[in-house]
Amino acid sequence: MGLKPAKAPLAGPKAGNAQTSESHAGLYWLPGDAERHPSGEADVMQHLHAAGIPARKLVLGVPFYGRAWCSVDPKNNGLHQTAESYVQSYPYSVLVRDFIDKPGFIRRWDREAHVPYLWNPASGILISYEDPQSLKDKANFVRRHRLGGIMYWEHGEDPDEILLNALYYNLR
């Protein structure tokens, strides 16, 4: 599948570096690299301790979409490597339909960030995203720290409610 670079990187919080393939919405960060790769854990701890916000008033945000980069350096299976360009974001439903378990794309796990990514070594495409396994880890984090819950963006990205069900069953 030929992906073309986006005209501009995704705007908004934690849009990331368009020139570096990154774990999308990592629960934890790479040791020694917190500035470039912010994490959900770091944000929660900052608000709990520095700002004094009660845990029950914090929610962890998770995306129901993935982010893709093209012409990624193949070192480390493309993860945290230079990329020609950020391509675009894809709804989870499109990832399932067009990329997950499709020829050429290998699912990998970022052990530090606790998120999956798809790597296509032939095309140099890397797509970082959430899946039921990463959401289980995030739900366990929320329960362990007694946070107020999880919010997600957005429901239309997961019409079969695969990710929503993962959250529901793991937060019970």
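Residues numbered from 1 in each chain as written. Predicted model: local features only at pLDDT ≥ 70, side-chain atom pairs only at ≥ 80, totals over all residues. Heavy atoms only, no water.

A.B. asks: Give me the lowdown on the overall build of the protein chain, citing residues and values where you can.
C.D. replies: If you tally the helices and strands in the protein chain, you get four helices and seven strands. For the protein chain, the α and β elements follow one another from N to C terminus as α-β-β-β-α-β-β-β-α-β-α. Scored against the burial criterion, the 172 residues of the protein chain give a buried share of 45%. Long-range contacts, defined here as pairs at least 24 residues apart, represent 64% of the contacts in the protein chain between residues at least 6 apart. (Helix = DSSP H or I, 4+ residues; strand = E, 2+ residues; numbered from the N terminus. Buried < 20%, exposed > 50% of the residue type's maximum accessible area, 1.4 Å probe, protein only. Contact = heavy atoms within 4.5 Å.)

A.B. asks: Go over the packing of helix H3 (residues 132-144) against helix H4 (residues 162-171), please, and point to the residues and values.
C.D. replies: Closest axis-to-axis distance for the H3/H4 pair is 9 Å, and the angle between their directions is 35 degrees. In this structure, the crossing between H3 and H4 has a hand that is right-handed. In this structure, H3 uses Pro132, Leu135, Lys136, Ala139, Val142 and Arg143 to contact H4, whose residues at the interface are Ile162, Leu163, Ala166, Leu167, Asn170 and Leu171. Split into classes, the residues belonging to the contact of H3 with H4 amount to nine nonpolar, one polar and two charged. (Axes fitted to C-alpha atoms, helices over the stretch in contact; angles between N-to-C directions. Left-handed = near helix turned anticlockwise from the far one by under 90°. Nonpolar A, V, L, I, M, F, W, Y, C, P; charged D, E, K, R; others polar.)

A.B. asks: How would you explain the nonpolar core if you had to name every residue and give the values?
C.D. replies: One finds Phe99 and Ile127 to be the most contacted residues of the largest nonpolar core, which totals 31 residues. For this core, the elements supplying multiple residues, two or more each, are strand E1 (59-63), strand E2 (65-72), strand E3 (83-91), helix H2 (92-98), strand E6 (125-128), H3 and H4. (Core = buried A, V, L, I, M, F, W, Y, C linked by side-chain atoms within 4.5 Å.)

A.B. asks: Pulling in residues and values, what's your account of the side chain of His24?
C.D. replies: Structurally, the position occupied by His24 is in the segment before helix H1 (40-50). A relative accessible area of 9% means that His24 is categorised as buried. Sequence-distant contacts of His24, that is, excluding residues within four places in its chain, are made with Pro63, Tyr65, Gly66, Arg67, Val115, Ser128 and Tyr129.

A.B. asks: Now, about the sheet that holds E6: what can you tell me, with residues and values included?
C.D. replies: Two pairing modes exist for strands in a sheet, parallel and antiparallel, and in both the strands are linked by backbone hydrogen bonds. Taken together, five strands build an open sheet; the order of strands is E3-E2-E6-E5-E4 and the sheet is antiparallel. Each having just a single partner strand, E3 and strand E4 (106-110) make up the two edges of the open sheet. Sheet twist, expressed as the mean angle between neighbouring strand axes with direction ignored, is 25 degrees. Sheet topology places E2 next to E3; seven bridges connect them, and they run antiparallel. (Pairing = 2+ DSSP bridges.)

A.B. asks: So what about the packing of aromatic side chains? Which residues, and what values?
C.D. replies: The description of an aromatic ring pair rests on the distance of the ring centres and on the angle between the ring planes. All chains considered together, the criterion is met by five aromatic pairs. Aromatic pair Trp69 and Tyr86: ring centres 5.9 Å apart, planes at 75 degrees, arrangement edge-to-face. Of this pair, Trp69 sits in strand E2 while Tyr86 is found in strand E3, placing the two residues 17 residues apart along the sequence. Between Phe99 and Phe105, the ring centres sit 5.2 Å apart and the planes meet at 85 degrees, which makes this aromatic pair edge-to-face. Both residues of the pair, Phe99 and Phe105, belong to the buried class. (Phe/Tyr/Trp six-rings, centres within 6.5 Å; stacked < 30°, edge-to-face > 60°.)

A.B. asks: Quick one: what's the story with the confidence of the model for the protein chain, residue by residue and with numbers?
C.D. replies: If pLDDT is low for a region, its predicted coordinates should not be looked at in detail. Across the protein chain, pLDDT averages 84, with 79% of residues at or above 70. Low pLDDT, under 50, characterises residues 4-15; the stretch is placed with 20 contacts to residues that sit more than four places away or in other chains. (pLDDT = per-residue confidence, 0-100.)

A.B. asks: Could you give an account of the environment of Ser123, naming the residues involved and the relevant values?
C.D. replies: Mapping Ser123 onto the fold places it in the loop between strand E5 (115-120) and E6. The sequence separation of Ser123 and Phe105 amounts to 18 residues, and the corresponding C-alpha distance is 9.4 Å. A polar side-chain atom of Ser123 sits 3.4 Å from the main-chain amide nitrogen of Ile125. (Polar contact = N/O pair within 3.5 Å; in protein donor to acceptor, adjacent residues only side chain to side chain.)

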